[in-house]
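# Structural features, examined
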Amino acid sequence: MTTSASLPLQQLGNSDLHITSIGFGAWAIGGGNWDFGWGPQDDSESVGAIQQAMDEGINWIDTAAVYGLGHSEEVVAKAVKGSAHKPLIFTKCSMRWDAERKIYRSLKAKSVAEELENSLRRLGVEAIDLYQIHWPNPEEEIEEGWEEMARLQKQGKVRWIGVSNFNVAQMKRVQAIAPITSLQPPYSMLRPAIEQEILPFCQENGIGVINYSPMVSGLLTGRMSAERVAAMPADDWRRKAVEFNEPRLSRNLKLVELLREIGSANGVQPGVVAVAWTLHHPAISAAIVGGRSAEQVKGLSSALHFRLTGDEFARIGAFLVANQVS
């Protein structure tokens, strides 16, 4: 068993949170039967995955109220209850659901406060370590939502506050109200857009960055194939995702073979190489790595240590330039 004390830790933005270079992402363990589900998921497998992550020394879990419509938070609570390792728990607000399980979005102060109370109850904690606005929607409510986040922080119900999926203009708007501890954006070798404006802004303003989908929702793990994509459950949102469909899918699976080659030379899986690619950027504090079983987590845990050399990073860059798909 590894402890986070023996791993290098990174301070997250302006906070006193010191986190391992990867955290456990709890999106997929929310299960199916909702708009952004990953298909059926066994809760005992999910609990095993989280406990394996803690055993590997991973010291933070990222979830959201909307994942599984509250279910992910409940599974996280079950997994960490009674554990000797108390991980930091990050969750998010702004995406809600009605009695018919239809998702709607709100950043009204009353809604944010209600969501927090629900998350505290489901997670079984007295305070959230990092509370994040999941999406900047509705855009006209961003300021009201952030003002409420700052109030909740002053009340001690959340320790630090951050944003997710915000652009620079939106971050500037809320920054005028209260400091931003962190941004959570999508970032991977297939989605590098944040390198242009967003990452430099975060570096200049001391905002920590924890990126999500470094393996592009499982596509770059080395376990995906055209056949597996075709056989995905009907309620797996990835069936409609652009990177999982042609013409991009064939290029992406070819890219995985390069990641496999680099990984094999270092004794790690292709997905670990994909995570390391994101950690290569100095603005990235840490990456979110999902896992649906203890076995998956074990295979990806070497991302805590593995880093790309300059030559390996350049090889991936050359492939991406030579194999662009519109």
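The text that follows walks through the structure, step by step, so that each part is easy to find. Note on numbering: residues in each chain are counted from 1, in written sequence order. Predicted model: local features are reported for residues with pLDDT of at least 70 only, side-chain atom pairs are reported and counted for 80 or more only, and whole-chain, interface and lining totals are derived from all residues. Side-chain metrics rest on all non-hydrogen atoms present in the structure, leaving aside hydrogens and water.

### Some words on the packing of helix 4 (residues 142-154) against helix 5 (residues 168-175)
- Axis definition: a line fitted to C-alpha atoms, limited for helices to the stretch in contact. Angles are taken between N-to-C directions and run from 0 to 180 degrees. Here a strand is any run of E in DSSP of at least two residues, a helix any run of H or I of at least four, and the numbering for each starts at the N terminus. The contact between helix 4 and helix 5 brings their axes to 9 Å, and the two run at 50°. Here helix 4 is positioned oblique relative to helix 5, judged by the angle of their axes. Crossing handedness for the pair helix 4 and helix 5: right-handed. On the side of helix 4, the interface is formed by Ile142, Glu143 and Trp146, while helix 5 contributes Gln170, Arg173 and Val174.
- Of the residues in the contact of helix 4 with helix 5, the class split is three nonpolar, one polar and two charged. An angle below 35 degrees is treated as roughly parallel, one above 145 as roughly antiparallel, one from 65 to 115 as roughly perpendicular, and anything else as oblique. Handedness of a helix crossing follows the sense of rotation of the near helix relative to the far helix, less than a right angle counterclockwise being left-handed and clockwise being right-handed. We call two residues contacting when some pair of their heavy atoms lies within 4.5 Å. Residue polarity is assigned by list, with Asp, Glu, Lys and Arg as charged and Ala, Val, Leu, Ile, Met, Phe, Trp, Tyr, Cys and Pro as nonpolar; anything else, Gly included, falls into the polar class.

### Describing the environment of Asp16
- Residue position: Asp16 is located in the loop between strand 1 (10-11) and strand 2 (18-19).
- Sequence-distant contacts of Asp16, defined by excluding residues within four places in its chain, comprise Arg159 and Trp160.
- Looking at Asp16, its side chain comes within polar contact range of the side chain of Arg159, at 3.1 Å. Pairs of N or O atoms are called polar contacts if they sit within 3.5 Å, as long as, within protein, a hydrogen donor faces a hydrogen acceptor (for residues adjacent in sequence, only side-chain-to-side-chain pairs).

### Observations concerning helix 2 (residues 71-80)
- The buried label applies to any residue whose accessible area, calculated with a 1.4 Å probe on protein chains only, is under 20% of its type's maximum; exposed applies above 50%, and partly exposed to all values in between. Along helix 2, seven of the ten residues are buried, which leaves the element largely enclosed by surrounding structure.
- Taken as a whole, helix 2 has its buried residues at Ser72, Glu73, Val75, Val76, Ala77, Ala79 and Val80.
- Contacts from the buried residues of helix 2 go to helix 1 (43-55), strand 4 (60-62), strand 5 (88-93) and helix 3 (109-123).
- Just beyond helix 2, the residue with positive phi is Gly82, at close to 80°.

### A closer look at the sheet that holds strand 9 (residues 158-164)
- Pairing between two strands is assigned when DSSP locates at least 2 bridges connecting them. Reading around the barrel, the eight strands line up as 3-4-5-8-9-10-11-12 and close back on themselves, with parallel pairing between neighbours. Sheet twist, expressed as the mean angle between neighbouring strand axes with direction ignored, is 30°.

### A short note on unusual backbone geometry
- Omega for the bond connecting Asn137 with Pro138 falls within 30 degrees of zero, at -5°, which places this linkage in the cis form.
- Take Pro138: it is sitting in the loop between strand 8 (128-133) and helix 4.
- Non-glycine residue Arg101 carries a positive phi angle of around 70°.
- Mapped onto the elements, Arg101 comes out in the loop between strand 6 (95-97) and strand 7 (103-105).
- The phi dihedral of Ser213 is positive, around 55°, even though this residue is not glycine.
- On the accessibility criterion, Ser213 (16% relative accessible area) is buried.

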